[in-house]
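What the coordinates show
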Amino acid sequence: MSVYERHVFVCTRGEWCPSIDGDGIGVHAALKEAVAATGLKDRVRVNHAGCFSQCGNGPMAVVYPDDVWYAALTPADAAEIVSEHLVRGRPVERLRFRPVGMGAHKLERDPDGRPIGRGAPWPAGGER
Ligand code: FES
């Protein structure tokens, strides 16, 4: 028997996701709050995590065992991830990270620190 049905890790300890490329700290807090409000605390664990080596695409989160990665999250996305993915088992497609291949996908930065090639506004929060 598994200890948790699903485990959500949010990059809150990396250099970029927590506050520079968006509000990773807020994403973590909002996910925890939504999980608790939905009554999933005994089935789903939301944890802080260090850098996933996907810097520039964040704030990032990953849901295991589904191996579903989310990119450019905002705290406002948490309710949908919980209601659709964690309750109904349907990953939120519009928020999914779709890297090309396995491994690290750190983006280079321009002189102003903006990630080059980012597929979402920077910092996160605007139109996708
Ligand atoms: S800082 Fe979040 S993936 Fe690297």
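The structure this text deals with has already been given above.
The text that follows walks through the structure, step by step, so that each part is easy to find. Owing to the predicted nature of the structure, the values given are computational and were not obtained by experimental measurement. (Residues numbered from 1 in each chain as written. Predicted model: local features only at pLDDT ≥ 70, side-chain atom pairs only at ≥ 80, totals over all residues. Heavy atoms only, no water.)

Looking at the packing of aromatic side chains
Taken as a whole and judged by the stated rule, the model has 2 aromatic pairs. Taking NZ or CZ as reference, Arg 109 lies 3.5 Å from the ring centre of Trp 16, over its face. (Phe/Tyr/Trp six-rings, centres within 6.5 Å; stacked < 30°, edge-to-face > 60°. Lys NZ or Arg CZ within 6 Å of the ring centre and 35° of its normal.)

Side note on the pattern of salt bridges
This model, assessed by the stated rule, comprises 10 salt bridges. One salt bridge in this structure joins Arg 98 and Glu 93, with 2.5 Å as the shortest N-O distance. Ionic contacts of the salt-bridge type, sharing partners, join the residues Glu 5, Arg 6, Arg 43 and Asp 66 into one network. (Salt bridge = Lys/Arg side-chain N within 4 Å of Asp/Glu carboxyl O.)

Focus on the pairing of strand S3 (residues 61-64)
A regular strand places its side chains so that they alternate between the two faces of the sheet. Inspection of the sheet shows strand S1 (residues 6-11) paired to S3 by 4 bridges, in the antiparallel sense. In the strand pairing of S3, His 7 is matched with Tyr 64. By the bridge criterion, 3 bridges tie S3 to strand S4 (residues 68-70) in an arrangement that is antiparallel. Within S4, the position partnered with Val 62 by the bridge is Trp 69. (Pairing = 2+ DSSP bridges. Helix = DSSP H or I, 4+ residues; strand = E, 2+ residues; numbered from the N terminus.)

Focus on unusual backbone geometry
Leaving glycine out, the prevailing phi sign among residues is negative, and the prevailing peptide bond configuration is trans. Of note, the amide linkage connecting Tyr 64 to Pro 65 takes the cis form, showing an omega dihedral of 10 degrees. Structurally, Pro 65 can be placed in the loop between S3 and S4. Backbone torsion omega between Trp 122 and Pro 123 reads -15 degrees, so that peptide bond is classified as cis. If you trace the backbone, Pro 123 turns up in the segment after helix H2 (78-87). The backbone of Ser 53 shows a phi angle near 60 degrees, a positive value even though the residue is not glycine. Positionally, Ser 53 belongs in the loop between strand S2 (44-49) and S3. Note on Ser 53: relative accessible area 26%, which makes it partly exposed. (Buried < 20%, exposed > 50% of the residue type's maximum accessible area, 1.4 Å probe, protein only.)

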